[in-house]
Amino acid sequence: MKHEHSVQVATRFALVRVQQEYASLIDSSINFSLERLFQQGTFSITEYCRYYRPHPQTSSLIDIIQAFGEKYGIWLPNAKYYVTCTMFLYPDAEFDRIVAMAKNNAVDYYLNDTMGRDMFKYLDQDKQSSYKEIIQRMATLDEELRIVPSAHQVEWANVEMLQDIRDSSPMTWFLEFLKLFNLHIEVTHKDCSAGSLGYLPTIDEYISMRNHTSGMPHIISLAEYSDNKFLDWNWLANRKLDALMRRIHRATALFGCLSNDLFSFEKEVIDRNADPNLVMAVACNHPELSLAEVIQKASGIVRNILADYQSSTTLMKEMITVLPESTEAATIVTHLNTLEKIVQASWMWQIFTKRYKRPHSIWKETQLVEDTMAVTT
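Throughout, residues of each chain are indexed from 1 in the direction in which the sequence is written. Confidence filtering applies because this is a predicted model: local features only for residues at pLDDT of at least 70, side-chain atom pairs given and counted only at 80 or more, and all residues used for totals across whole chains, interfaces and linings. Each side-chain value is derived from all of the structure's non-hydrogen atoms; neither hydrogens nor water enter the calculation.

Peer 1: Got a minute to help me understand the packing of helix H15 (residues 242–263) against helix H18 (residues 291–321) in this structure?
Peer 2: Geometry of a packed helix pair, given as the angle between the helix axes and the separation of the axes. Closest axis-to-axis distance for the H15/H18 pair is 9 Å, and the angle between their directions is 150 degrees. Classified by the interaxial angle, the pair formed by H15 and H18 is roughly antiparallel. The element H15 and its partner H18 pack so that their crossing is left-handed. Note on method: axes are straight lines fitted to C-alpha atoms, helices fitted across the in-contact stretch only, with angles between N-to-C directions ranging 0 to 180 degrees. A run of H or I in DSSP counts as a helix once it spans at least four residues, and a run of E counts as a strand once it spans at least two, with each numbered from the N terminus. Any angle between 65 and 115 degrees counts as roughly perpendicular, while under 35 counts as roughly parallel, over 145 as roughly antiparallel, and the rest as oblique. Crossings are sorted by hand: turned counterclockwise from the far helix by less than a right angle, the near helix makes the crossing left-handed, and turned clockwise it makes it right-handed.

Peer 1: Would you mind showing me how to read the environment of His152 here?
Peer 2: Relative to the helices and strands, His152 resides in the loop between helix H8 (125–139) and helix H9 (153–166). Overall, His152 belongs to the partly exposed group, its relative accessible area being 27%. As for His152 and Leu278, which are separated by 126 residues in sequence, their C-alpha atoms are 32 Å apart. Setting aside residues no more than four positions away along its own chain, His152 makes contact with Tyr110, Ile134 and Arg137. Classification of residues uses two cut-offs on accessible area relative to the type maximum, computed with a 1.4 Å probe and protein chains only: under 20% is buried, over 50% is exposed, and between them is partly exposed. Whether two residues touch is decided by their heavy atoms; if any such pair falls within 4.5 Å, the residues are in contact.

Peer 1: What exactly am I supposed to notice about the layout of surface pockets here?
Peer 2: Empty space left among the atoms is revealed by rolling a probe the size of a water molecule over them. Buriedness for pockets is judged along seven lines, at least five of which must meet protein on both sides within 12 Å for an open set on the 1 Å grid over protein atoms alone, while cavities are sets there where a 1.4 Å probe fits but cannot get out, and lining residues have an atom within 4 Å of a point. Grid points are joined across faces, edges and corners, and a volume is the space filled by probe spheres set on the points. Looking at the largest pocket, its volume works out to about 560 Å³. Looking at the lining of the largest pocket residue by residue, the class counts come to 8 nonpolar, 4 polar and 5 charged. Asp, Glu, Lys and Arg are counted as charged, while Ala, Val, Leu, Ile, Met, Phe, Trp, Tyr, Cys and Pro are counted as nonpolar; the rest, among them Gly, fall into the polar class.

Peer 1: Please explain empty space enclosed by the protein as it appears in this structure.
Peer 2: Evaluated as defined, the whole model comprises 3 cavities of 30 Å³ or more. Estimates place the volume of the largest cavity at around 520 Å³. Lining the largest cavity we find 34 residues, and of these Tyr109, Ser214, Ile219, Asn260 and Tyr356 sit closest to its centre. When residues of the lining of the largest cavity are traced back to their parent elements, those giving at least two are helix H6 (85–89), helix H7 (95–115), helix H10 (171–188), helix H12 (203–213), helix H13 (216–227), H15, helix H16 (265–271) and helix H19 (327–352). For the lining of the largest cavity, the element with the most residues is H7, which contributes 6 residues. Each residue belonging to the lining of the largest cavity can be placed in one class, and the counts come to 12 nonpolar, 14 polar and 8 charged. Its volume calculated, the second largest cavity comes out at about 100 Å³. As for the second largest cavity, its lining consists of 14 residues, and the residues nearest its centre are Ala194, Pro201, Tyr206, Asp275 and Ala281. Looking at the lining of the second largest cavity, the elements with two or more residues in it are helix H11 (194–197), H12 and helix H17 (278–285). At 3 residues, H17 tops the list of elements feeding residues into the lining of the second largest cavity.

Peer 1: How should I be thinking about the packing of H7 against H10 in this particular structure?
Peer 2: Contact geometry of H7 with H10 gives a least axis separation of 11 Å together with a crossing angle of 20 degrees. Compared by their axis directions, H7 and H10 come out roughly parallel. In this structure, H7 crosses over H10, and the sense of that crossing is right-handed. Together, Asn104, Asp108 and Leu111 of H7 and Phe177, Phe181, His184 and Ile185 of H10 make up the contact between the two elements. Tallied by class, residues from the contact of H7 with H10 come to 4 nonpolar, 2 polar and 1 charged.

Peer 1: What should I look at first to understand unusual backbone geometry in this one?
Peer 2: Apart from glycine, the bulk of residues carry a negative phi angle, and the bulk of peptide bonds sit in the trans form. One non-glycine residue, Asn228, lies in positive phi territory at about 55 degrees. Assignment of secondary structure puts Asn228 in the loop between H13 and helix H14 (233–238). Asn228 gets classed as partly exposed once you look at its relative accessible area, which sits at 39%. Notably, Lys240 is not glycine yet its phi reads approximately 55 degrees, a positive angle. The residue Lys240 is located in the loop between H14 and H15 in this model. Residue classification places Lys240 among the exposed residues on the basis of a relative accessible area of 69%.

Peer 1: What am I meant to see in H9 here?
Peer 2: Because the α-helix completes a turn every 3.6 residues, residues three or four places apart line up on one side. Expected span of a helix, by definition, is 1.5 Å for each gap between consecutive residues, and there is one gap fewer than residues. Compared with the 20 Å implied by 1.5 Å per residue over 14 residues, the 20 Å span of H9 between its first and last C-alpha is a close match. Among the 14 residues that make up H9, 10 are buried, leaving the element largely enclosed by the rest of the structure. Of the positions making up H9, those classed as buried are Val154, Glu155, Ala157, Asn158, Val159, Glu160, Met161, Leu162, Ile165 and Arg166. Looking at the buried side of H9, the elements it contacts are helix H4 (58–71), H7, H8, H10 and H13.

Peer 1: Just to check I follow, could you spell out the nonpolar core for this structure?
Peer 2: The tendency in soluble globular proteins is for nonpolar side chains to be buried side by side. Throughout, nonpolar core names a set of buried Ala, Val, Leu, Ile, Met, Phe, Trp, Tyr and Cys residues whose side chains join them through atoms within 4.5 Å. Counting residues in hydrophobic clusters, the biggest one holds 123 residues, and the most contacted among them are Leu258, Phe265 and Leu278. When residues no more than four places from it in sequence are discounted, the contact partners of Leu258 are Tyr206, Ile207, Arg210, Leu278, Ile301, Val302 and Ile305.

Peer 1: So what exactly am I meant to see when it comes to the side chain of Ser346 here?
Peer 2: Of note, Ser346 is situated in helix H19. With relative accessibility at 7%, the residue Ser346 sits in the buried group.

Printed below as a string of structure tokens:
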């Protein structure tokens, strides 16, 4: 208990320091460009995404997912700002598949915004107890997808979504996807603060935890579902490509979730006093750094992950090129193209959604300027 208290004191001290320095930056009208922070050499994330476009049927998909959310009572007032995420992640998916994946998005964000890692500590004891039971049931679903008759509406929505995905995919793939999604639900929807954990995670420990709380691993898995082309991991292993593919998956996932930590820094750390965020992980582990220096170090981590994604993908493409033509090799080429869209979407969606916009922001990309909102999200 004494150690836990010392962790709470240390993280609280770091949080107050970050918030005070943040206020000074806002008062001084100092802001940062995430585009420049992610720049490496001549590489520009904006240029990289120049020809990216979200799913062409986004408008009709929003209506369908809103009806789904309202049917189960999980359509939140801010849902219009996050429901488009799937349409950005999988812009080439067939209609039925994008609907199923958008339902997954709706369920996941509802859970995040009602009982997620930033919200859980603010709930009263009765709600915490009730939500723990809901999460425990959701996180232990098997392929039969059976739930109790008295289940919460979000559980029924979850089952409908998972049935859609299960019935339109190979069972071997679905079981792995379900394992990832269940793990995400289990680790995310509780108090993930350092005080609750009882220790101060290192930056690497935080990154590993964030990988799963973000849900990016199951989002990467859905890349196969979106293409209706599923990787043959035995084929990859026999050609010694499996480790490289997992590295590409991890880099894709980490760019998505850690860039999100920067975009959502103000929403999470400043507004909600939350410390599970890359900026706070750096600040807590490096108390000697100013907030501006913390931002430089945190963005450097994201920039290096993006560089790793690019170099690993280039290597995979070179290795596939020298192999004989096959269905498996063609599937990998398609998969890599979809992963590239996910990386681009990780930037583009966060630029365009109003989920992180505010009148005064330290990020140029999240300044709320109404006439720049050309994409409705």
